[in-house]
Structure formats: structure tokens, C-alpha cells
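Below, each chain spelled out in residue letters.
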Amino acid sequence: MALNFILDPPVGRSLRDGVLTLWADVSNAGGAVGFVPPVTPEDIHPQWVQHLTAMSEGRMRLLVGHDEDDGSVAATSFITLNSHRMMNHWVWLYTVMVHPRHHGKGYGRALLEATESAVRGMDGIEAIRLTCRGGMGLERFYESCGYKEVGRIPDGIRLADGVYRDDIFMLLPLK
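Here the structure is a predicted model, which is why all the values come from computation and not from measurement.

Draft legend 1. Broad picture of the overall build of the protein chain. The helix and strand tally for the protein chain stands at 4 helices and 7 strands. Sequence-ordered secondary structure for the protein chain, helices as α and strands as β, is β-α-α-β-β-β-α-β-α-β-β. Whereas a compact globule of 175 residues would reach a radius of gyration of roughly 16 Å, the protein chain reaches 16 Å, a difference of no more than 12%. For the protein chain, the C-alpha atoms occupy an extent of roughly 45 × 40 × 30 Å along the three principal directions. For the protein chain, the proportion of its 175 residues judged to be buried stands at 41%. Long-range pairs, those at least 24 residues apart, make up 58% of the contacts in the protein chain with a sequence separation of at least 6. Of the roughly 9,100 Å² of accessible surface on the protein chain, a fraction of 50% belongs to carbon and sulfur atoms. Taken together, the 17 basic and 21 acidic charged side chains of the protein chain have centroids lying 4 Å from each other.

Okay, here's the thing in C-alpha cells:
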């Protein structure tokens, strides 16, 4: 079993429902994708609409990994272009997700490789930046995929009153 990746898939009800379900399932399994459990697809929908707006304006692109067995949305990454003229040589990577039922199968690494390949196909892009939540070991995973930690804001993420995690900045040079 593997994933089939599509950059800029057609947006419709099936994609929306698949991404929202994935996002809720990842969040509720403790994934660091912008929400704290418990959440529902309805809770996440406003963020999806913001992403759709950015995509329709050409500021963001979506890479989706579909499960080759059942066609479900099993992984995503959102690639955000920089609008600042002095920083448009790198992109942000957001909402990097693999469904919990696929953890341990190498799909996270495959998603990052597909994302890197997609970004390498974009004119003038020299690096990919992302942030991750400290305390989960994510930086070690990203480092194993070639990213380097380039900054850290201690307690930069507040999960709840008195519950903080570091905000870790990672960079993947493409040249």
C-alpha cells in the first residue's frame, strides 16, 4: 500500500470532507496541526476556508496524498508562497499531516519528499521553512528528512492555561 500524491487537486465536497476528517483525526490523536483535542471537522472548517481563500488567490498550494487502496485523503501539506519581495525565494510549509492509521509506514517521509519535489518545480524557490511544536520529537523527524533547526521560541505555543511548548523553526535548503 502507498500514497498517490496530487498537487493542486480539484476542490470539491469530497476533498473538503477528506481533509477535514484527516485534520480532525490527526488533531484528536494528539497531532500538532493547529488544534487541541477534542475537535470536530466543523471546528476546523473555518481554517479550511482560510486555506481555500489563500489557494484561490494563488498564495497557497495543496499537496494531497490519497490512500491507493480506498482513495481516502491520507496525508496533506499546504505550501504557502511568500508575498514579501525580499522573501519570495522560500516557502512556508503548513499543516503537514498523515492519518494516524498510517503512522510507521514511511508516509510522513514520502509526504515530505513529494512536497520537496513539488517545491523544486516552482521557479525561484531556494528553501522550505516550517515550524513544529516542541515536546513531541517532531524536530528529530524533520532533521532526519534533511531539515535543520534554525530557531526556537521557548514557550511560543500555548496549548492551554499554563501549558506551553517551544515553537521550533526548521529549514530545508534546496540549493
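Draft legend 2. Highlighting the pattern of salt bridges. Under the criterion given, the structure shown has 8 salt bridges. As a salt-bridge pair, Arg16 and Asp17 come within 2.8 Å of each other at their nearest N and O atoms. For Asp17, a relative accessible area of 33% gives the class partly exposed. Across the pair Arg152 and Glu139 runs a salt bridge, and its minimum N-O distance is 3.7 Å. Placement of Arg152 in strand E6 (residues 148-160) and of Glu139 in helix H4 (residues 138-144) is noted, with a sequence separation of 13 residues between them. Exposure remark for Glu139: the relative accessible area of 12% places this residue in the buried category. What emerges from the salt-bridge pattern is a single network uniting Glu139, Glu149, Arg152 and Asp166.

Draft legend 3. Highlighting helix H1 (residues 13-28). Taking 1.5 Å of rise per residue, 16 residues should cover 22 Å, and H1 covers 22 Å from first to last C-alpha, within 8% of that figure. Within H1 the residues assigned to the buried category are Leu15, Gly18, Val19, Leu20, Leu22, Trp23, Ala24, Val26 and Ser27. Against helix H2 (41-56), strand E2 (60-67), strand E3 (73-81) and strand E4 (90-98) lie the buried residues of H1. Immediately downstream of H1, the backbone of Gly30 shows phi near 95°, a positive value.

How each quantity is defined
Sequence positions are assigned chain by chain, starting from 1 and proceeding in written order. Whole-chain, interface and lining totals are the exception, using all residues; otherwise, since this is a predicted model, local features are given only for residues with pLDDT of at least 70 and side-chain atom pairs are given and counted only at 80 or more. Processing note: side-chain calculations cover all non-hydrogen atoms of the structure and skip hydrogens and water entirely. The secondary structure listing takes helices from DSSP runs of H or I that are at least 4 residues long and strands from runs of E that are at least 2 residues long, numbered from the N terminus. With the radius of gyration taken over C-alpha atoms, the globule rule is written as 2.2 Å times the number of residues to the power 0.38. To sort residues, take the accessible area from a 1.4 Å probe on protein chains only and compare it with the maximum for the residue type: under 20% means buried, over 50% means exposed, and anything in between is partly exposed. The contact criterion used is simple: two residues touch if any of their non-hydrogen atoms lie within 4.5 Å. For accessible areas, the Shrake-Rupley method is used with a probe of radius 1.4 Å. Any residue's cover is judged against the shown protein chains and nothing else. Two residue types count as positive, namely Lys and Arg, and two as negative, namely Asp and Glu; His and chain ends fall outside the count. The atom standing in for a charge is NZ when the residue is Lys, CZ when it is Arg, CG when it is Asp and CD when it is Glu. Salt bridges are identified by distance alone: a Lys or Arg side-chain nitrogen within 4 Å of an Asp or Glu carboxyl oxygen. In this analysis, the expected span of each helix is defined as 1.5 Å times one less than the number of residues it contains.

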